[in-house]
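# Residue-level structural notes
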Amino acid sequence: SRVLVTGANGYIAMWVVRTLLEQGYTVRGLVRSLEKGKRLREYFSSYDDKLELAIVEDIMKDGAFDESVKGVDAIEHMASPVTFSAVEPDEYISPAIKGTLGILKSALKFGTNVKRIVITSSVAAIYGTPPKPEHVFDETSWGDESVKIVEEIGKDAPGVVKYRASKTLAEKAAWEFFNQHKSEVQWDLVTLHPPFVIGAPLHEIKSPKDLNVSLQIFYSNLTDASKTEQQLKATYNYVDVRDISKAHVQVLQNDKAAGQRIIIANGASTWQEARNLTSTLRPDLYASGVLPRGKSDLNKTLEYIYSPEKGKKLLGLEYVSQENMIKDTLAVFEARG
Ligand code: NDP
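Residues numbered from 1 in each chain as written. Predicted model: local features only at pLDDT ≥ 70, side-chain atom pairs only at ≥ 80, totals over all residues.

So, on to the sheet that holds strand β4 (residues 74-77). The parallel open sheet is built from 7 strands, whose spatial order is β3-β2-β1-β4-β5-β7-β10. Of all the strands in the sheet, the pair left with one neighbour each is β3 (51-55) and β10 (261-263). Each strand of the sheet is rotated relative to its neighbour by a mean of 20°, with strand direction disregarded. Two elements, strand β2 (residues 26-31) and β3, share 5 bridges in a ladder whose sense is parallel. Residue Val27 lies in a different strand from β3, and its bridge partner there is Leu51. (Pairing = 2+ DSSP bridges. Helix = DSSP H or I, 4+ residues; strand = E, 2+ residues; numbered from the N terminus. Axes fitted to C-alpha atoms, helices over the stretch in contact; angles between N-to-C directions.)

Structure (structure tokens):
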């Protein structure tokens with residue numbers, strides 16, 4: 001069957017495309033320009049007949065996806081601004097909401113073969129200030145607090161809060177649209193909620209600035225000697241990019257996923273603990289002073305945890321260990337200097 005992947009040149013999307021192709025699917029990948037599709041063409045050259053690329057320059061335009069949804073059996077919607085430095089709502093909120101609604105609207109009109117639409121939401125659409133340390137968030141939680149902050153202080157809201165608001169609003173719009181139209185469509189909706197996605201990138205990396213945001217943050221937390229104790233004590237929840245990609249494909253085949261929000265997480269740690277683990281995996285990098293050690297005995301109490309239970313139970317996937325996730329990511333960083 002044929003699957004439409006939006007934002008196909010992105011970090012996670014390239015892995016989703018690869019997993020789909022490996023499992024025998026035909027893929028229609030959407031990118032913003034020919035140039036953005038170049039790497040996909042090269043990387044997947046052995047799948048030339050199974051990978052079709054199409055260009056949608058502006059996902060905010062009415063009917064942007066009308067042609068793209070024709071003849072596909074499923075959709076993986078991943079195109080959305082992932083940035084913590086956006087200022088104007090048009091840089092982050094509008095593309096997130098209009099892109100998501102645009103896909104659903106086009107699927108309503110022209111997606112006569114579509115059976116399932118998977119939207120890559122995020123734990124960003126779940127997060128709120130944790131009421132106590134080690135608070136466990138699950139799929140019943142929504143990012144309303146971030147939306148409220150952005151409504152109140154707009155441009156001055158911190159970048160991460162803006163991003164969370166964009167993901168929350170886009171996902172809410174999706175469920176609302178689906179609930180309004182569910183009697184008219186033959187497809188259902190699934191939202192996936194990964195935390196920090198880490199793992200070897202397939203897209204071209206010439207320097208750290210080519211890393212997507214989650215890898216940039218991972219990279220800076222391991223390599224930046226000026227990180228404060230406060231920063232190193234901070235919690236991060238993680239999943240390997242190979243696992244989030246498998247989850248995107250698995251949910252296409254899983255009846256029980258219909259209508260579900262699903263967190264796809266593996267575990268939680270602190271950045272200092274990531275350094276501690278890395279130093280046991282790669283003592284050479286620390287002995288030679290390439291990586292800063294931080295303060296190995298910092299308090300490792302977690303601020304919050306995204307419950308991986310539902311996702312693990314529903315999809316039954318075996319997740320890549322944190323050790324292998326870190327090792328494989330470092331191997332790519334080293335190979336690219
Ligand atoms: P990338 O930045 O690597 O990919 C983002 C993709 O979205 C790119 O293809 C990009 O296209 C496209 N895109 C961004 N803004 C626009 C826009 N205004 N119009 C059209 N296309 C746009 O990010 P990731 O792979 O990390 O993220 C993919 C998805 O997963 C996103 O929806 C993100 O919110 C979600 N996610 C990511 C997590 C992570 O840790 N990485 C965690 C949770 C969720 P272009 O290259 O042309 O800019």
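Moving on, there is more to tell.
The next thing to look at is the site of the ligand. In the vicinity of the ligand lie 23 residues, with Gly7, Gly10, Pro95, Ser122 and Ser214 positioned nearest. Among the secondary structure elements, those contributing two or more residues to the shell around the ligand are α1 (11-22) and β8 (196-198). When residues of the shell around the ligand are assigned to their parent elements, the largest contribution, 3 residues, is made by α1. Partitioning the shell around the ligand into residue classes produces 12 nonpolar, 8 polar and 3 charged. (Near = placed C-beta within 6 Å. Nonpolar A, V, L, I, M, F, W, Y, C, P; charged D, E, K, R; others polar.)

For the rest of this paragraph, the subject is the sheet that holds strand β11 (residues 267-270). Hydrogen bonds between backbone atoms are what pair the strands of a sheet, whose relative direction is either parallel or antiparallel. Taken in spatial order, the 3 strands make up an open sheet running β8-β9-β11, and their pairing is mixed. A single partner strand is all that each edge strand has here, and the edge strands are β8 and β11. Within this sheet the neighbouring strands show an average axis-to-axis angle of 45°, counted without direction. Relative to strand β9 (residues 235-240), β8 runs parallel, the two being bridged by 3 bridges. Its bridge partner being in β9, Val197 is matched across the sheet by Val239.

As a further point, take unusual backbone geometry. Note: most peptide bonds trans; most residues except glycine with negative phi. Even without being glycine, Glu134 reaches a positive phi, approximately 60°. Its place among the elements puts Glu134 in the loop between β5 (116-120) and β6 (135-137).

Attention shifts here to the packing of helix α3 (residues 89-110) against helix α5 (residues 159-181). Direction vectors running N to C along α3 and α5 enclose 20°, while the axes themselves pass 8 Å from each other. In this view, α3 runs roughly parallel relative to α5, as classed from their interaxial angle. Crossing hand, α3 versus α5: right-handed. Along its contact with α3, which presents Tyr92, Ile93, Ala96, Ile97, Thr100, Leu101, Leu104 and Leu108, the element α5 presents Lys162, Tyr163, Ala165, Ser166, Lys167, Leu169, Ala170, Ala173, Ala174, Phe177, Phe178 and His181. Residues of the contact of α3 with α5, tallied by class, amount to 15 nonpolar, 3 polar and 2 charged. (Parallel < 35°, antiparallel > 145°, perpendicular 65-115°, else oblique. Left-handed = near helix turned anticlockwise from the far one by under 90°. Contact = placed C-beta atoms within 7 Å.)

A few words now on the confidence of the model for the protein. A residue-level look at the protein finds 100% of positions with pLDDT of 70 or above and a mean pLDDT of 96. The ipTM, which scores confidence in the relative placement of chains, is 0.99 for this predicted complex, and the corresponding pTM is 0.98. (pLDDT = per-residue confidence, 0-100.)

The next point concerns α1. In this model α1 runs 17 Å from its N-terminal to its C-terminal C-alpha over 12 residues, within 8% of the 16 Å that 1.5 Å per residue would give. When you tally the buried positions in α1, you get 9 out of 12 residues, the bulk of the element. (Expected span 1.5 Å × (residues − 1). Buried ≥ 20, exposed ≤ 12 C-beta atoms within 10 Å, placed from the backbone.)

The side chains of a regular strand alternate, first on one face of the sheet and then on the other. The buried fraction of β5 is high, at 5 of 5 residues. Here β5 shows a buried face lined by Arg116, Val118 and Thr120 and a second buried face lined by Ile117 and Ile119. Relative to β5, β4 is paired through 4 bridges, and the arrangement is parallel. When the sheet's bridge partners are listed, Ile75 is paired in β5 with Ile117. Crossover connection from β4 via α3 to parallel β5: handedness right-handed. Where β5 meets strand β7 (residues 188-193), 5 bridges bridge the pair, whose relative direction is parallel. Counterpart to Val118 in the pairing with β7 is Val190. (Right-handed = clockwise from strand over helix to strand, strands pointing away.)

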